[in-house]
Amino acid sequence: MMALATFKGGIHPPDKKDLAKDKAIKEAKSPQRVVIPLSQHLGAPCKPIVSIGQEVKKGEVIGEPGGFVSAPVHSSVSGKVIAIAEFPNAMGRMVNSIVIENDGKEEWASLKDNPDYIKLSSDELKEKVKAAGIVGMGGAAFPTLVKLSPPKEKPIDTVILNGAECEPYLTADYRLMLEKSSDIVEGLKILMRILGVNKGFIGIENNKPDAIEKMKDAARNEPNIEVCGLEVKYPQGAEKMLISAITGREVPPRALPMDVRVVVQNVGTALAVYEAARYGKPLIERVVTVTGEGIKTPANLMVKIGTLISDIVEECGGFKDSAGKVVSGGPMMGFALSTLDVPVTKGTSGILVIPEEGVVHAEEYGPCIRCGRCIDICPMGLMPSMLSILPEKGHYEDAKEYNLFDCFECGSCAFVCPSKRPIVQLIRLAKSLTKP
Amino acid sequence: MEFGKLFELFIAAALINNFVFTRYLGLCIFFGVTKKMDTSIGMSITFTSVMVISAALNRVIYKFIMIPLGLGFLEIVIFIGVVAGFVQAADTIMKKVSPGLYYKLGIYLALITTNCIILAVPLLNVSEGYNFIESMFFGFGSGIGFSLAMIIMASIREKLEIADVPKAFQGLPISFIITGLIALVFLGFSGLITL
Amino acid sequence: MADVKKEHELIVTVSPHVRDEETTSRIMWTVNLSLLPAFFMGFYFFGLKALFITALCIISSVLSEYFFQKAVKKKLTVNDGSAFLTGLLLGMNLPSSLWSFNPFTIHVPIIGSVIAVVITKQFFGGLGYNIFNPALIGRAFLLISFPKAMTIWTEPTAAFLALDAKTTATPLGILKEDGIAKLIEAFGDKLNLYAELFNGHRAGSIGETSVLALLIGAGFLLYKRYITWHIPVSFLGTAAALAWIFGGKNPETGKMLLFAGDPLIHLLSGGLMLGAFFMATDYVTCPAVRKGQIVFGIGCGALTMLIRIKGGYPEGVMFAILLMNCFAPLIDRSMKSDVFGAVKEKKK
Amino acid sequence: MSNAESKISYIGLIKNGIFSENPIFRVALSLCPAVAVTSGVKNGFMMGIAVLFVQIMVNVTVSIVRKFIHPKVRIPSYMFIIATWVTVTDLSMAAFVRDIYAQMGLYIKLIVAFAIILSRAELFASKQKITPSFFDGLGNGIGFLFALVIIGFFRELLGKGSLWGYPIVDTKPLLIMILPTGGFFAVGILMGLFNWIDMKFFGGGGASGGGH
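Residues numbered from 1 in each chain as written. Chains lettered and ligands numbered in written order. Predicted model: local features only at pLDDT ≥ 70, side-chain atom pairs only at ≥ 80, totals over all residues. Heavy atoms only, no water.

### So, the interface of chain C and chain B
Link 1 in the chain: Listed as interface residues are 30 residues of chain C and, on the opposing side, 29 residues of chain B.
Link 2 in the chain: For the chain C and chain B pair, buried surface summed over both sides reaches about 2600 Å², with 77% attributable to carbon and sulfur atoms.
Link 3 in the chain: When the area that chain C buries against chain B is broken down by residue, the three leading residues are C:Phe123, C:Phe124 and C:Arg333, summing to 23%.
Link 4 in the chain: Counting the contacts that link chain C with chain B gives one salt bridge.
Link 5 in the chain: A salt bridge links C:Arg333 to B:Glu158, with the shortest nitrogen-to-oxygen separation between them at 2.6 Å.
Link 6 in the chain: On inspection of chain C and its partner chain B, the count reaches two residue pairs in polar contact (both at pLDDT 80 or more).
Link 7 in the chain: When contributions to the side of chain C that touches chain B are tallied by element, the ones reaching two or more residues are helix H5 (134–145), helix H13 (290–310) and helix H14 (317–334) of chain C.
Link 8 in the chain: No other element matches H14(C), which puts eight residues into the side of chain C that touches chain B. (Contact = heavy atoms within 4.5 Å. Buried area = accessible area lost by both parts, 1.4 Å probe. Salt bridge = Lys/Arg side-chain N within 4 Å of Asp/Glu carboxyl O. Polar contact = N/O pair within 3.5 Å; in protein donor to acceptor, adjacent residues only side chain to side chain. Helix = DSSP H or I, 4+ residues; strand = E, 2+ residues; numbered from the N terminus.)

### Looking at the domain arrangement of chain A
Residue and element names in this part refer to chain A.
Link 1 in the chain: Splitting chain A by domain gives domain 1 (31–102 + 282–358), domain 2 (112–279) and domain 3 (373–433).
Link 2 in the chain: Using only C-alpha atoms to locate each centre, domain 1 and domain 2 end up separated by 24 Å.
Link 3 in the chain: Counting from both sides, the interface comprises 30 residues of domain 1 and, opposite them, 25 residues of domain 2.
Link 4 in the chain: Of the roughly 2200 Å² buried between domain 1 and domain 2 on both sides combined, carbon and sulfur atoms contribute 69%.
Link 5 in the chain: Across the contact surface, domain 1 and domain 2 share zero salt bridges.
Link 6 in the chain: Here domain 1 and domain 2 share 11 residue pairs in polar contact (both at pLDDT 80 or more) between them.
Link 7 in the chain: Split into classes, the residues belonging to the side of domain 1 that touches domain 2 amount to 12 nonpolar, 14 polar and four charged. (Domains from an automatic or database assignment. Nonpolar A, V, L, I, M, F, W, Y, C, P; charged D, E, K, R; others polar.)

### With respect to the packing of H5(C) against H14(C)
All names here are of chain C.
Link 1 in the chain: Running from amino to carboxyl end, H5 crosses H14 at an angle of 125°, the nearest separation of the two axes being 10 Å. In terms of axis orientation, H5 runs oblique to H14. Every pair of crossing elements has a handedness; the one defined by H5 and H14 is left-handed. On the side of H5, the interface is formed by Leu136, Ile137, Arg139, Ala140, Leu143 and Ile144, while H14 contributes Met318, Phe319, Ile321 and Leu322.
Link 2 in the chain: Here the residues of the contact of H5 with H14 sort into nine nonpolar, no polar and one charged. (Axes fitted to C-alpha atoms, helices over the stretch in contact; angles between N-to-C directions. Parallel < 35°, antiparallel > 145°, perpendicular 65-115°, else oblique. Left-handed = near helix turned anticlockwise from the far one by under 90°.)

### Describing the sheet that holds strand S4 (residues 55–56) of chain A
Residues and elements named next belong to chain A.
Link 1 in the chain: As summarised here, the arrangement of the four strands in space is S2-S8-S7-S4, forming an open sheet in which the pairing is antiparallel. What marks the edges here is a single partner per strand, and that holds for strand S2 (33–37) and S4.
Link 2 in the chain: Bridge analysis of S4 against strand S7 (residues 79–88) gives two bridges, and the strand direction is antiparallel. Within S7, the residue paired with valine 56 across the bridge is glycine 79. (Pairing = 2+ DSSP bridges.)

### Some points on the interface of chain A and chain C
Link 1 in the chain: With 73 residues of chain A at the contact, the number on the chain C side is 44 residues.
Link 2 in the chain: At the boundary of chain A with chain C, total buried surface from both sides reaches about 5000 Å², with 57% on carbon and sulfur atoms.
Link 3 in the chain: For chain A, the biggest contributors to the area lost against chain C are A:Glu250, A:Ile369 and A:Arg370; these three give 12% of the whole.
Link 4 in the chain: On inspection of chain A and its partner chain C, the count reaches two salt bridges.
Link 5 in the chain: C:Lys336 is paired through a salt bridge with A:Glu401; the nearest N and O atoms lie 3.8 Å apart.
Link 6 in the chain: Counting the contacts that link chain A with chain C gives 18 residue pairs in polar contact (both at pLDDT 80 or more).
Link 7 in the chain: Elements that contribute at least two residues to the side of chain A that touches chain C include exactly helix H7 (239–247), helix H9 (309–315), strand S15 (323–328), strand S16 (335–336), helix H10 (373–377), helix H12 (412–416) and helix H13 (423–433) of chain A.
Link 8 in the chain: For the side of chain A that touches chain C, the element with the most residues is S15(A), which contributes five residues.
Link 9 in the chain: Along the lines of polarity and charge, the residues of the side of chain A that touches chain C split into 40 nonpolar, 16 polar and 17 charged.

Written out as structure tokens, the structure reads:
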């Protein structure tokens, strides 16, 4: 068998995907009301273009992009705007949001089938991506249009679809690849067309052999598209790691994938791109994995953007007995929620419920014993040990000598640390107190 | 003078009879400048060069001026005068010739006059009866040994910056203890060369 | 909207939300465990005295840590096994004869333990901050303070109560003083010499003699990935190479004969195995980055052979490791890890 | 000179020199002899006496000539004054206490480079009249002597089992204490102890200076 593509470093947390792996994607109950944040992406927040009391249809634009690095937001239900105010999001920040009461009619604003989408020009396709408000659905929520508009001096020759889904527990992308494999391949073809590229890869971690098979099957007639099995290792799905694993190119520090002529998109994003190009369907729903040992019935739900997490938890039968921690996203990089009344956004890939006994209490940690585990596994080749000791003792500036700002906070170091040091937290502290 | 002997003299001065760890000299500077790696490196370069030159200079003066005139008993006054004069001259010349270098190393020159090593080298040269070449090698070895000590110490103290040293021991006390530990460890070199 | 859960009951921490099971104390205790085979061999060859001395070291190390932490009102960490490990390693590095040399040498292991734990470790801030390997400093301190008591070696008797064992020299001592011919003569023939050295049937420190037992422990640690190959391989490799190149002597003139040394004797004797696998690999006092560790290992090997062949002591492992401990911060400082993507960039 | 000067208490000057501004433990100047000559009480004492003598004489001389020296050549002049007095001390010791001089002759010569002497001359004697300068020299010299004797006491007792050369116990309890290592340990630990006492009983900040 061929050696699997991979990168240097990385960790092997228990993948725990069995919990939700076999649950087919199910349409979630339409919620009574949705809270749609106007800032679901990296970049400028949207400006609301509806007013309180206004009736909106499903898929209608309710927020216009506030800049180039931005993406419009659409209503995910049909109904009446009842409030425009600040609401907390999953990161605990207050974000200007539009609250819509669902009238249950599910009336679409505009959906038009366009089977000849592949014949459209690059600019026309881009326009569709822009109108649909698509952002990266792997978690970072970077506006897709920006990635698809590289400056002229940076030619792109490769598009990679990220189906690694290296975060433990999460199975949203896996289910999508199983159930919508041909749509995803179509999405990739559209992306390649937009960028004028004739090499496409789909990278999938090897713990999902059926997904690899499915995708290979779907791409059978596409000579330009290759499905790559990747070694099962966290963070295989991080952009730079994925590029290194598949193409062998290393993105230099503080550079972007486009600097090595690559664009990476999540498989979910590819699906959204396909649906936008084909039906003109905006990004108003996404697959969310509801999982963890603390939830009664784990599931992969197709959830409308803006649905409150409490509604989803309820639909999944609630907590088993005592939920210790609820995380939005995966266990490695997700955010612990302080309240369940926060909405699902375009970047929410999972809701993880960790029972009380499974919570790692990080208050008590020991000194760094310099075992070097974190250095061995750091995918960025940094020295997390020093990056945690220096801020701990107040030497924030010195941390920059250890390439503080190259860290993308994957959490691998904190995972392996035998002294249970809050390395990521200390690194964030240092980042917030210094300038790059 | 065969080369092997000179090499042994050098090794002995640098490692076995290291000024800091076995002769306890230059401690004030040693503890003073090793707080930072940059200053230690600057000091090392300045020190080693001044040491070699002053060893040679004093050797010449001792042999051709002091001995003939019977001024041996004034060695302290004369040596310190020579060193001070030389350092002053070096300071002036460097300022003129290479301002960049002066900017980097000049501040260390000022510190050198009050250092016992710089005086100890000519005094030991006299008492050990080294000839001109030997004196220079002895000066060079001592300089390298001192530099080595300073650089090791600076790297250790940098590491200690982020250590939980008990409050009463922070700063000099722990530095003394480190020096003691290094001195203990350097005993491993003893017996390496028997002069 | 039905509240499934009251807000304040949720636990909020930063990511990651899963952690590996490995803990510092588990690592320490596992290392302790992996030293047991070698310790039992020492116990087997040197009898109860070996047990007493090691136990004394362990007890005094743990108590020193306990009392120091009490005195300065720090969090007690005696359970993490590191003080125990220091005591165990110190004990295994002492000659068993310390117990019977004369009635007044009982204080020797205690002084060594206090120096190791209090001065070398706690003065620097405790576990994780020390510059030198505590057990080795303890031993070096004792060797300099009690040169006589620390260099009296007893013959391995494999008798439980060996209280009046004969004193003898260590293989390295014989090699240094009388040359290789005498050493082979003392063990019968060359093959027997290797075999005895491998089994540990020779004079030496309590825990250093049995290469076999040490390798079992080291293999376990390597398998568990608690240590990596970098330091032991570079250490042993350098030592073997230098022993081969410079270790030979012309039997007639006594002058050095190049490329005629016997690396195997050097590898199997002294504290090389114990040092290379268990002490040079001490996390806290070796460089953190792997390539730095290789430099560290080469340095250890070179210094060991320098001291063994040219130096004033028959054994150099202890001083070699300690000397490289001095240089570890410097190595750490100049050899940082390779940042992803920065390799091709290179400094101008 | 002002009134402030007349208020200087001579006892206070001496006390300062011994404890709160002890040249070795607190001000941390001239550290070399603290390790170099303290393997025994006797050597430490002799060194202390030599420094005491030089310090007083230098202080007095500097105070006398302070008005005649141009500020620009101040430091070199002081250096020569020090060198002269050190030579006097060196030669007298070579003549009168031969056995000790044989062991520590180099360090007696090196008194010339002791920063403490120059620093007292510069900081105190160059601005004060003769009598206070004398007492300042006395205080600092005694402080120096005191530190050397204390260090010597521990090192000789532990390292040789004797005091002032007279055996106390018949073994050498800790040979290492008379070696450099032991000297550094002794100074480090005593310094830490002084800091601790200062922190505990006098509310001081703890960290001692790190001068030259």
